[in-house]
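Reading the structure
These are the residues of each chain, in order.
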Amino acid sequence: MTTTTRFIEPLDVLFLRGNQLFGEPGSYGEALMPPWPSVAAGALRTRILADDSIDLAAFAAGQAEHPHLGTPAAPGSFVLQGFQVARQTPSGAELLMPLPADLVVSVAGDTPPRVAALRPTALHPSIASSSSLPLVPVLPQGDERSKPASGWWLTGNSWQKYLQGQSLAAADLIHTRDLWSFDERVGVGLDGATRSAADGKLFTTRAIAFKEGVGFAVAVAGADLPKGGSLRLGGDGRAAAVKQRPIAWPEPDYAALSSARRCRIVLTSPGIFAGGWMLPGMDGQQRIQLPGLTARVVAAAVSRADTVSGWDLATRQPKPAQKTAGSGSVYWLQDLDATPDALRKLVSQGLWADPCEDAARRAEGFNRFSFAPF
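Residues numbered from 1 in each chain as written. Predicted model: local features only at pLDDT ≥ 70, side-chain atom pairs only at ≥ 80, totals over all residues. Heavy atoms only, no water.

1. Structural notes on the pattern of salt bridges
Scanning the model with the defined rule gives 14 salt bridges in all. Across the salt bridge formed by Glu 94 and Arg 87, the nearest N and O atoms sit 2.7 Å from each other. Accessibility expressed as a relative area gives 17% for Glu 94, which makes it buried. Linking Arg 287 and Asp 335 is a salt bridge whose minimum nitrogen-to-oxygen distance equals 4.0 Å. Of the two residues, Arg 287 sits in strand β17 (residues 287-290) while Asp 335 sits in strand β23 (residues 330-337), which places them 48 residues apart along the sequence. By relative accessible area, Arg 287 is classed as partly exposed at 31%. What you see here is one network of salt bridges that share partners, running through Arg 45, Lys 319, Arg 361 and Glu 364. (Salt bridge = Lys/Arg side-chain N within 4 Å of Asp/Glu carboxyl O. Buried < 20%, exposed > 50% of the residue type's maximum accessible area, 1.4 Å probe, protein only. Helix = DSSP H or I, 4+ residues; strand = E, 2+ residues; numbered from the N terminus.)

As structure tokens, this is what we get:
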């Protein structure tokens with residue numbers, strides 16, 4: 001399946017809403033960064049339908065079918081394979097990745113930040129744990145203690161180093177303050193009967209204001225993407241430009257991973273898994289079986305869980321709420337049995353069973369990941 005990439009540059013502030021209610025008097029609507037991949041999938045599919053002169057109402061009702069998008073009930077070949085924050089460079093666009101869950105950044109005083117990696121470790125038998133896995137990710141620390149610092153991201157080059165198993169330093173990091181800022185907006189509740197402002201119903205929402213040159217990189221398989229023009233992106237349909245830019249998507253050494261017979265799985269989008277964290281095909285003995293791959297999960301560092309839902313425009317009702325493992329969650333695998341081609345194909349497919357148990361969420365870009373050395 002051919003993959004097409006584009007750079008999306010916001011032309012206005014973006015309202016990237018999560019799963020929290022807002023709108024009541026005095027409430028505060030947080031912004032979700034990075035947003036769910038369904039934000040990009042919905043914007044791109046709407047643009048494709050408009051470019052191909054498909055009646056949007058008929059498509060939503062399942063009365064019109066698109067050759068690549070299918071119908072809302074039976075998605076076609078369109079699959080969002082990647083959706084990441086990125087920034088423009090003289091040579092193209094550079095990916096910017098959230099800090100994986102097995103990396104901890106600490107800052108002490110005015111010294112540069114330090115990056116340390118969690119190590120899967122067998123706990124002493126006298127230490128009780130609720131973990132069902134044999135190893136627990138542990139942060140090694142010396143005599144000098146420090147607290148974790150938040151807001152740090154990996155640059156494109158440092159993400160490549162991470163996928164190659166190399167150690168990282170302060171120069172490999174970038175902070176959110178260099179990528180975007182927050183813009184608070186006050187909203188007014190409306191009276192449904194008079195369609196005018198209701199007394200005492202003020203609320204605040206947080207918008208994301210990207211720095212110049214910062215936007216999103218997308219990769220889509222199974223459909224042609226527009227070469228230019230604009231999109232309606234995020235809440236309130238704010239404008240964003242579509243641009244053709246060379247985008248490098250770093251990959252690990254699949255032959256080395258297959259030969260080593262162990263690896264890490266790093267989520268690059270939220271994972272919709274059983275129990276909120278268990279990889280697809282994982283049994284009671286912590287073994288997983290995916291198309292072309294078998295292995296044993298020995299440890300996991302799962303980012304804070306989120307609940308994904310959204311609004312279904314076709315049915316005009318909320319989508320089912322599903323608990324997810326956050327982007328950046330890491331799983332350590334041993335006894336890996338897979339060829340390099342099988343590993344590469346699985347990354348292209350995503351962490352879904354065969355046949356896929358949720359074609360709609362797969363098309364929206366959930367359960368995407370990358371392999372890394374263990």
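The structure having been displayed, the exposition proceeds.
2. Regarding the sheet that holds strand β9 (residues 152-154)
Spatial strand order, β10-β9-β4-β3-β13-β1-β15-β14: eight strands in an open sheet with antiparallel pairing. Looking at strand neighbours, the two that pair on one side only are β10 (173-175) and β14 (230-233), the edges of this open sheet. Averaged over neighbouring strand pairs, the angle between their axes works out to 45° when direction is ignored. As paired strands, strand β3 (residues 79-89) and strand β4 (residues 92-98) are joined by five bridges and run antiparallel to one another. In the sheet register, Ala 86 faces β4, and the bridge partner there is Leu 95. Those strands touched by helix α1 (residues 37-51) are β3, β13 (214-221), β14 and β15 (238-243), and its axis lies near 135° from that of β14. (Pairing = 2+ DSSP bridges. Axes fitted to C-alpha atoms, helices over the stretch in contact; angles between N-to-C directions. Contact = heavy atoms within 4.5 Å.)

3. Looking at the pairing of strand β1 (residues 3-10)
Counting buried residues in β1 gives six out of eight residues, a clear majority hidden from the surface. Relative to β13, β1 is paired through six bridges, and the arrangement is antiparallel. Looking across to β13, one finds that Arg 6 is bridged to Val 218. Pairing of β1 with β15, which is carried by four bridges, proceeds in the antiparallel orientation. Bridge assignment links Phe 7 to a residue of β15, and that residue is Lys 243.

4. As for unusual backbone geometry
Geometrically, the link from Met 33 to Pro 34 is a cis peptide bond, its omega value of -5° lying close to zero. Not every positive phi belongs to a glycine, and Ser 53 is a case in point at roughly 55°. Positionally, Ser 53 belongs in the loop between α1 and α2 (56-60). Given a relative accessible area of 67%, Ser 53 falls into the exposed group. Phi is positive for Arg 261, which is not a glycine, with a value near 60°. With respect to the element layout, Arg 261 can be found in the loop between α4 (254-260) and β16 (263-267).

5. Digging into empty space enclosed by the protein
Overall, the coordinates contain two cavities of 30 Å³ or more when judged by the stated rule. Its volume calculated, the largest cavity comes out at about 50 Å³. If you go around the largest cavity, the residues you meet are Met 97, Pro 98, Pro 100, Trp 159, Val 266, Leu 267, Thr 268, Ser 327 and Gly 328. Only β4 and β16 provide two or more residues apiece to the lining of the largest cavity. A class-by-class count of the residues in the lining of the second largest cavity yields three nonpolar, six polar and one charged. (1 Å grid on protein atoms, 1.4 Å probe; cavity = no way out; pocket = protein on both sides within 12 Å on 5 of 7 lines; lining within 4 Å. Points joined across faces, edges and corners; volume = space filled by probe spheres on them. Nonpolar A, V, L, I, M, F, W, Y, C, P; charged D, E, K, R; others polar.)

6. Quick look at the layout of surface pockets
The volume enclosed by the second largest pocket comes to roughly 1200 Å³. In terms of lining, the second largest pocket is formed by 38 residues, of which the most central are Met 33, Pro 34, Pro 98, Ser 303 and Ser 327. Contributions of two or more residues to the lining of the second largest pocket are made by β3, β5 (103-106), β9 and β11 (180-191). Across the lining of the second largest pocket, the residue classes break down as 26 nonpolar, 10 polar and two charged.

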